[in-house]
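Breakdown of the fold
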Amino acid sequence: MQRYLLSRVIQSIMLMFGVLILVFFLVRLTGDPARIMMPRDASPADIEAFRDAMGFNEPLPAQFFHFMTGALQGDFGRSLHYRAPAMRIVLERMPATIELSLAALIFALIVAIPLGVIGGSRPGTIWDTVCRAVGLVGQTIPNFWLALMMISLFSVTLGWFPTFGRGGFSSIVLPAVALGLFPLGKFTRLVRSAVLEVRNEDYVRTAYSKGLLDHRVYTHHIFLNVSVTLVSIVGVQFGYLLGGSIYIETIFAWPGVGRMINEAVQARDFPLVQALAFVSAAFIVLLNLLTDLAYVLIDPRIRYED
Amino acid sequence: MNTLHTKWKGPTLLLALSAVVLLFFACGQAETTEPEIVTLRVAVPTFPNSLDASVAAERNAQNVSWQLFDSLVWANEQNVIEPALAERWDVSEDGREYTFFLREGVEFHNGEPFNADAVVYSWERGIQPHIEWSDRWARAESVERVDEYTVRITTAEPDPLLLGVMAQHWNMVPPLYTQEVGDDGFGAAPVGTGPFQFVEWVREDRVVLERNDSYWREGLPLVDRVVFRPIPESSTRMAAIQTGEIDIVNRLSFEQADALERVNDVDVVTYPIDRVFYIAFNNLTTGIDQPTMDPRVRRAMNYAVDRQAIIDSLFGGRAQLATGLMTSSNLGYDPSVEPFPFDPDRARELLAEAGYPDGFEIGFAAPAGAYTNFEQVAEAVQGYLAEVGIVTELDIIESGRFWDLEAEKQLPPLFGDSWSERSGESLPRLRGALGGWDASFSAWSDPVIDDLLDRISVTIDQDERAALYRELHRYMQDDPPFIYLYVPETFEAVRSNVRDYIPRAAEDYFLMFTYLD
């Protein structure tokens, strides 16, 4: 187990190293930041001077070396647009994004787990139809459209929730529901099909034959088995939500990293894009690692051999 | 069977988890409201990158920042320069030396005195290359202290735009505080002499300013507090003005403005902005051997495009036809210059005269996602040109890439773009777009235009300069370096109790005069 853990950690570190290399080269495929940062009536000489000052004129290997040595110390340089250390800017906005992603995830799980269990335990009934409909709708409705519709109904017409911004519980309801819709659909389908599958397993029949009550069979034998699948997908989805809430954060003016990604790319803010990409990737790698560990805790059949 | 248990499990679990969620967010921050304080809430579409006016990168960040500062001079709504921190000034015979007599007894928000040393320090800081608008500060060659309340500002050449640029860009900063906190610290918590003082900046969420009680313009500002909220999505801005969460929103689409006109308690504000849209020709690189080198062809292409129809169908009729590269609020705009009428027959005649009776083929590019409906405008232009036989291959390019190519002068011989200008004069825009090899984004060079621009840039006398602009304006109609398109209007909305909110053509505003009824 320890050796497995160690090898997973080493793998993750190597993965992050690869991410750094990718991040460095990818931003250099886009436009010239010097021209975008300088005023439009700046002369070619001014632009050249700016490029020189920013180090964009150095040979690529030298730029790469500077980037890597800085990145290993958590220094991604200064944001060209915000004029502050890029990493600090990203970390300042992370809590808002984590809060929104968590709320969306919790909302999705609260609805999806009971719905999926009910649907999966009674295939063909009206409950199952509802369950499948929610699964389909959740995964197919574009969340930005739903967000605008919800603002129009719940904020403008009914006045129940604030239109935008972050502050207090009421402000997170609409963005969390909009953001949670996709994972909600996904989880519902997943739980339903997992329950359907597991309830026909031999050990479930054995449990019933031991005379266990229905709810005990569900909590101890079915749900615990379903949760292995659920945990892996929740981990992936959480990572996805952290990086993928660009539209929702933009629409609700939520002060997180999602909508900053958009700005950073538009402004060709190299250091900021790099720091953002690195932090997002780090979260996903970390979540994957935690997911792997969670398997062991949940399912005693899963063992990582030494 | 025991299915009852399963039936009830869902709702119970739901309740339990909701309780957890509620607990989780109960400890979050709550909105604080102080009823006796009059607060003006303004939405801005982008997030300020800095609150230091010399570093604030674009219009909206500048608007937030400038509520905190003053310059030596101020441009009023008619773009006439008025005294601000300088009570008056003298200009030397040769037009290169300005002596400013400063207002006495003015203090920065932190209590530092405003005097000649502060002016000299602000300029020395402003010309540092890492300052965003250093080129604006560098229009002055030197800034010297004469005595405590007198400074002398010298320019290398007579500079007719100096006062305008100072009004727009020279924010006076307190030397001690600025040195103490450094440039980053200053951008995060700025101190000026302006009508409002800094309270709080929650990144990406809000900037809070409060009334400067000892402001030198007596009786101003009229509200106690201003809160700027960044809302990037225009649909959300529209919703927020309807619910009354915000008092002033800008940058709406004309469809949104139309819809808001039917809403109670909301007033729509519309005005033409100082931005000109055009299709540029190229006579420096890719256009050298093209038919568009002939002025008759360029005139023909202006006649061929029904700009009014484009404005009507894509902008609800709410834009003005462009002539020259000037807008009606610019100095020397000649209203007698008529926009090219839509006349495809005349276009065909001119093409035949120039030796292209059957038209020709030419490359055409436009930026994607940079401006409202501009891709559709380019497609419409393509259609109109095709009707007189000019077949264009339209390439719509991602805007960052497009501007790179524009700066490398590697765009096709026809390309669409726009140019805004906030100094109140069209000189920087004309120089930028027509300055030939010396200008980063120009693809055009014409000795007649160069000569007129050179003369304009050293003529201090307003009337003489206006006459030169008029000459240029007429010349650019006879030998057009662009297909002139339109000057757009912008749409804003305010709650109907907002009074004296006066945005200008450059989309800037000063909230010291604004109040709530």
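Attention in this report is confined to the structure presented alongside it. As the structure is a prediction and not an experimental result, all values here were calculated from the model.

**Here we look at a negative patch on the surface**
Residues and elements named next belong to chain B. A contiguous patch of negative charge, built from Glu87, Glu104, Asp147 and Glu148, is present on the exposed surface. Tracing the sequence through the fold places aspartate 147 in strand E6 (residues 142-147). The exposure class assigned to aspartate 147 is partly exposed, which follows from its relative accessible area of 36%.

**Description of the sheet that holds strand E16 (residues 390-398) of chain B**
Residues and elements named next belong to chain B. The strand order E16-E15-E17-E13-E18 describes an open sheet built from five strands, whose pairing is mixed. Each end of this open sheet is capped by a strand with a single partner; those strands are E16 and strand E18 (482-484). Neighbour-to-neighbour, the strand axes of this sheet turn through a mean angle of 30 degrees, independent of strand direction. Sheet topology places strand E13 (residues 275-281) next to E18; three bridges connect them, and they run antiparallel. What sits directly across from alanine 280, in E18, is phenylalanine 482.

**Looking at the sheet that holds E6(B)**
Residue and element names in this part refer to chain B. Pairing is antiparallel in the open sheet, where four strands are placed in the order E4-E5-E7-E6. Strands with a single pairing partner mark the edges of an open sheet, and in this sheet they are strand E4 (86-91) and E6. Across this sheet, the average inter-strand angle for adjacent strands is 25 degrees, counted without regard to direction. In this sheet, strand E7 (residues 150-154) lies alongside E6 in antiparallel orientation, the contact comprising five bridges.

**Description of a nonpolar patch on the surface**
Residue and element names in this part refer to chain A. Side chains of Phe17, Ile21, Phe25, Leu60 and Leu72 sit close together on the surface and give an oily, nonpolar patch of about 450 Å² of accessible area. Put simply, the parts of the chain that give the nonpolar patch at least two residues each are helix H1 (2-27) and helix H4 (60-72). If you tally residues by element for the nonpolar patch, the top one is H1, at three residues. Of note, phenylalanine 25 is situated in helix H1.

**Let's talk about the packing of helix H5 (residues 86-121) of chain A against helix H6 (residues 126-140) of chain A**
Residues and elements named next belong to chain A. Relative to each other, H5 and H6 sit at 130 degrees, their axes nearing to 8 Å. In terms of axis orientation, H5 runs oblique to H6. Here the hand of the crossing between H5 and H6 comes out left-handed. Across the interface between the two elements, Leu115, Gly116, Ile118 and Gly119 of H5 pack against Trp127, Asp128, Val130, Cys131 and Val134 of H6.

Conventions adopted
Residues numbered from 1 in each chain as written. Chains lettered and ligands numbered in written order. Predicted model: local features only at pLDDT ≥ 70, side-chain atom pairs only at ≥ 80, totals over all residues. Heavy atoms only, no water. Patch = residues over 30% accessible without salt bridge, like charges linked within 9 Å, V, L, I, M, F, W, Y side chains within 5 Å. Areas by Shrake-Rupley, 256 points an atom, 1.4 Å probe, with all protein chains shown as cover. Salt bridge = Lys/Arg side-chain N within 4 Å of Asp/Glu carboxyl O. Lys, Arg positive; Asp, Glu negative; His and termini not counted. Charge placed at Lys NZ, Arg CZ, Asp CG, Glu CD. Helix = DSSP H or I, 4+ residues; strand = E, 2+ residues; numbered from the N terminus. Buried < 20%, exposed > 50% of the residue type's maximum accessible area, 1.4 Å probe, protein only. Pairing = 2+ DSSP bridges. Axes fitted to C-alpha atoms, helices over the stretch in contact; angles between N-to-C directions. Parallel < 35°, antiparallel > 145°, perpendicular 65-115°, else oblique. Left-handed = near helix turned anticlockwise from the far one by under 90°. Contact = heavy atoms within 4.5 Å.

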